[in-house]
There are 2 protein chains.
Amino acid sequence: MQRNSNISMAVIRRLPKYFRYLSDLSEKGVNRISSKELSQITGFTASQIRQDLNNFGGFGQQGYGYNVSGLRDAIASIIGLDKRYRVVIAGAGNMGSAIANYTGFHSSGFEVLALFDTQEELVGKEVGGKPIRDIRELGTFIDDHRVEIIVISTPKHAAQGIADIAVSRGVKGIWNYAPVDIRVPEDVVVENVHLNESLFTLSYLMKEKENI
Amino acid sequence: MQRNSNISMAVIRRLPKYFRYLSDLSEKGVNRISSKELSQITGFTASQIRQDLNNFGGFGQQGYGYNVSGLRDAIASIIGLDKRYRVVIAGAGNMGSAIANYTGFHSSGFEVLALFDTQEELVGKEVGGKPIRDIRELGTFIDDHRVEIIVISTPKHAAQGIADIAVSRGVKGIWNYAPVDIRVPEDVVVENVHLNESLFTLSYLMKEKENI
């Protein structure tokens, strides 16, 4: 498969959307789809869809369109969903527990091995069938289990320290829920989920509509 | 305060970030800051920061910079954080419960009044001090309490139906966690949190770094 390393973040963020729409179509038994039909479903223009997919070596055929399950599988492979990831969660509070309980991540190849917390009353318990361990065991655990992704759902003051430990042990991906920017070396990826910012965007847009 | 209704989504999405950085600075006792210093903290260029803030009627003074708490309060007001919102949560599962338990929303003016669920064994219980009610009471409850925002954290097949009920009762903002696109009239805002898509972006970027 051809890859183009200059793919913009906008295209990259659309890939999981294509994957979702194609998965839904596939579940409904749809076998093939034109870029025009895909445009009606996704809200992206047909030309943008063709352009996006051409970045990865066009999948469509003139007069036929796209094979739904074939395209879905190809995008899954581009995203990296054809492999399994070993994941730990730092912070076993509400958000950490919700993530541990969410079965959808597991079925997509993200296997949560354990949660970690500082609170003694949590350590030894389980969430979603996964053990909560003492945060002081984090480094050793990452080593022993070759953990690749850490979810950080700690209070913000703890986030950078946790990230430093994880990165020093070879973790390459951080899914950060703490409302703070995490500094990492160039070979590590941080993807932020800042729920407050999303909620504030909602309130801004609501206010804007009222004013119109 | 001057408003410009042609403000791009990119600027709008940076506003909550400015608010976060300025809140952090204010907590640390910083009184004033230049756009250059703000650039170092935020990673945005100084010129972008000045441009962004000029959309709302420039707050800085030449040779002085920005007054931190003043600018933070002005942005809070632009975002709409100077008012209170009445919120309900549809779906009292892991994610709905995590949101109900998160005290940060309350302190920002978003008051969760109740959760709603279809599961009989949940109805009557409490999460984060808020009652879980029968989903069939949703419409009446929205009427009675003039609810403005609904959080949808239901399975995807239920999301559109819930949204339709909420919108028909006058809800103007939907914070949607279900992995599905929700259709609403023009005067209603939908802000999506698609956690799967965020996780898949992380895995794509990790894969890309490996390949470089």
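Just so it is clear, the structure is predicted and the values come from calculations on it, not from any experiment.

(A) Molecular detail of the interface of chain A and chain B. Taken together, the contact between chain A and chain B spans 67 residues of the former and 67 residues of the latter. Taking both partners together, chain A and chain B bury about 5700 Å²; carbon and sulfur atoms supply 60% of that area. Among the residues of chain A in contact with chain B, Phe200(A), Tyr204(A) and Met206(A) are the three that bury the most area, contributing 12% of the side total. Across the chain A-chain B interface, the total number found is 9 salt bridges. Asp181(A) is paired through a salt bridge with Arg20(B); the nearest N and O atoms lie 3.4 Å apart. For the pair chain A and chain B, the interface holds 26 residue pairs in polar contact (both at pLDDT 80 or more). Mapped onto the side of chain A that touches chain B, the elements with two or more residues apiece are helix H1 (9-27), helix H4 (68-79), helix H5 (94-101), strand E8 (173-176), strand E9 (189-192) and helix H9 (195-211) of chain A. The element contributing the most residues to the side of chain A that touches chain B is H9(A), with 17 residues. Grouping the constituent residues of the side of chain A that touches chain B by class yields 34 nonpolar, 14 polar and 19 charged.

(B) Region of the structure containing the side chain of Ser35(A). Residue and element names in this part refer to chain A. Summarising the element assignment, Ser35 is placed in helix H2 (residues 35-42). A distance of 2.9 Å separates the side chain of Ser35 from the side chain of Arg50, its partner in a polar contact. Filtering out sequence-adjacent residues up to four positions away, Ser35 remains in contact with Ala46, Ile49, Arg50 and Tyr66.

(C) Representation of the sheet that holds strand E6 (residues 130-134) of chain B in the model. Spatially, E5-E6-E4-E3-E7-E8-E9 (chain B) is the arrangement adopted by the 7 strands of the open sheet, whose pairing is mixed. Edge positions in the sheet fall to strand E5 (126-127) and strand E9 (189-192) of chain B, since each has one partner strand and no second. In this fold H9(A) packs onto strand E3 (85-90), strand E4 (110-117), strand E7 (149-152), strand E8 (173-176) and E9 of chain B, with an angle of close to 165° to the strand it touches most, E9(B).

(D) Looking closely at the nonpolar core. With 100 residues, the main nonpolar core has Ile75(A), Phe110(A), Trp175(A), Tyr204(A), Ile75(B), Phe110(B) and Trp175(B) as its most contacted residues. When sequence neighbours within four positions are dropped, the list of residues in contact with Ile75(B) reads Leu15(B), Tyr18(B), Phe19(B), Leu22(B) and Leu53(B).

(E) Main features of the pattern of salt bridges. Tallied over the full model, the rule gives 27 salt bridges over all chains. Note that Asp73(A) and Arg72(A) form a salt bridge whose closest N and O atoms lie 2.9 Å from each other. One salt bridge in this structure joins Lys17(B) and Glu197(A), with 2.8 Å as the shortest N-O distance. Of the two residues, Lys17(B) is situated in helix H1 (residues 9-27) and Glu197(A) in helix H9; the pairing between them involves two chains. One network of salt bridges, in which partners are shared, links Lys17(A), Arg20(A), Asp181(B) and Glu197(B).

Each value, and the rule that gives it
- Residues numbered from 1 in each chain as written.
- Chains lettered and ligands numbered in written order.
- Predicted model: local features only at pLDDT ≥ 70, side-chain atom pairs only at ≥ 80, totals over all residues.
- Heavy atoms only, no water.
- Contact = heavy atoms within 4.5 Å.
- Buried area = accessible area lost by both parts, 1.4 Å probe.
- Salt bridge = Lys/Arg side-chain N within 4 Å of Asp/Glu carboxyl O.
- Polar contact = N/O pair within 3.5 Å; in protein donor to acceptor, adjacent residues only side chain to side chain.
- Helix = DSSP H or I, 4+ residues; strand = E, 2+ residues; numbered from the N terminus.
- Nonpolar A, V, L, I, M, F, W, Y, C, P; charged D, E, K, R; others polar.
- Pairing = 2+ DSSP bridges.
- Axes fitted to C-alpha atoms, helices over the stretch in contact; angles between N-to-C directions.
- Core = buried A, V, L, I, M, F, W, Y, C linked by side-chain atoms within 4.5 Å.
- Buried < 20%, exposed > 50% of the residue type's maximum accessible area, 1.4 Å probe, protein only.

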